[in-house]
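Structural description and commentary
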Amino acid sequence: MINVKYSDTANGTRVGLLVSNDLNPELIAATLAAYSRSNKSLPQLLQDREDKQLNTSSLCKKIIDGYGHGSIRGLGSLPIFIEGVSLFDAMGVFYQFPYQNGQERSTRYQSLSTFDDFFTPLSLPPSVEKDYHHLIHYWKSNYQSLYSLTKEALTSYFTPDNSIDPKEVERTLNVRTLDCVRFLLPLATKTSLGLVINGTECSQLIKYWLSQPHLSEVANLLISTLDTPGYSNLIRHYHPQPSPTSEIIGLIKHLPFKPWESFTG
């Protein structure tokens, strides 16, 4: 059975996770890890786990944290989705994390003309907020007004074959019109994106978002959403500036190096 786990931030951004109780990312990661060091077939390994009633989450945690085999986090793919982030921040996901598989809401097939449907950072200074909103409304107005003009121009320019279904002609005109005017959309316009991303890449994404003040709440929401049996052990090392452990401090404190604080800035 597949369920949806949703969580919301204070300014309306939503984070979601598709949750399956039968086949979860930790089960896949732990099974493939065992497969790499076993001569058994994959069905045999899965049957062994079922016969022994092994706890997949505990096994996955033991391999990653106990044995230090962090690479298996990349074997578990997480089906996540985010709603209400800006076009600009969605671009950042696809440009900076190219190893995920995902798609953003298409501005080619959907009109995004609602005036209040744009992202406003909670940290935006009041002195700037009025001008910020003014610019958003200005470009959204251009987007709206040029839609009808562009569609009219395309209609007069192209003469479709009479054999083509009029509904198909209209659909094509709408798509081509949106394809032209979507570049006027301000990058603060809200969008949504769905990702299938492995645990290693997702941890890096969270780390990046935690370093961005306007996205830190979304990052913490993603952490809490992924704190789900079958998923949580694949998320590790996401703090932007991790603190040294007591073991590391014990190893280096007598060495003639600079104080640890000089290495963390």
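Residues numbered from 1 in each chain as written. Predicted model: local features only at pLDDT ≥ 70, side-chain atom pairs only at ≥ 80, totals over all residues. Heavy atoms only, no water.

Turning next to the confidence of the model for the protein chain. For the protein chain, the mean per-residue pLDDT works out to 85, and 92% of the residues sit at or above 70. Across the protein chain, helix H7 (residues 199–210) holds the top mean pLDDT of 94, while helix H10 (residues 261–264) sits lowest at 54. (pLDDT = per-residue confidence, 0-100. Helix = DSSP H or I, 4+ residues; strand = E, 2+ residues; numbered from the N terminus.)

Across the 11 residues of helix H1 (residues 25–35), eight count as buried, placing the element largely inside the fold. Those residues of H1 not exposed but buried are Pro25, Glu26, Leu27, Ala29, Ala30, Thr31, Ala33 and Ala34. Tucked inside the fold, the buried residues of H1 contact helix H2 (42–52), helix H3 (56–66) and strand E3 (77–86). Two to three positions downstream of the cap, the backbone nitrogen of glutamate 26 sits 3.1 Å from a side-chain oxygen, assigning the N-cap of H1 to asparagine 24. (Buried < 20%, exposed > 50% of the residue type's maximum accessible area, 1.4 Å probe, protein only. Contact = heavy atoms within 4.5 Å. Polar contact = N/O pair within 3.5 Å; in protein donor to acceptor, adjacent residues only side chain to side chain.)

Two elements in contact, H1 and H2, have axes separated by 10 Å at closest approach and are oriented at 120°. It follows that H1 is oblique to H2 by the angle criterion. The way H1 lies across H2 gives a crossing that is right-handed. Touching Leu27, Ala30, Thr31, Leu32, Ala34 and Tyr35 of H1 are Leu42, Leu45, Leu46 and Arg49, all from H2. (Axes fitted to C-alpha atoms, helices over the stretch in contact; angles between N-to-C directions. Parallel < 35°, antiparallel > 145°, perpendicular 65-115°, else oblique. Left-handed = near helix turned anticlockwise from the far one by under 90°.)

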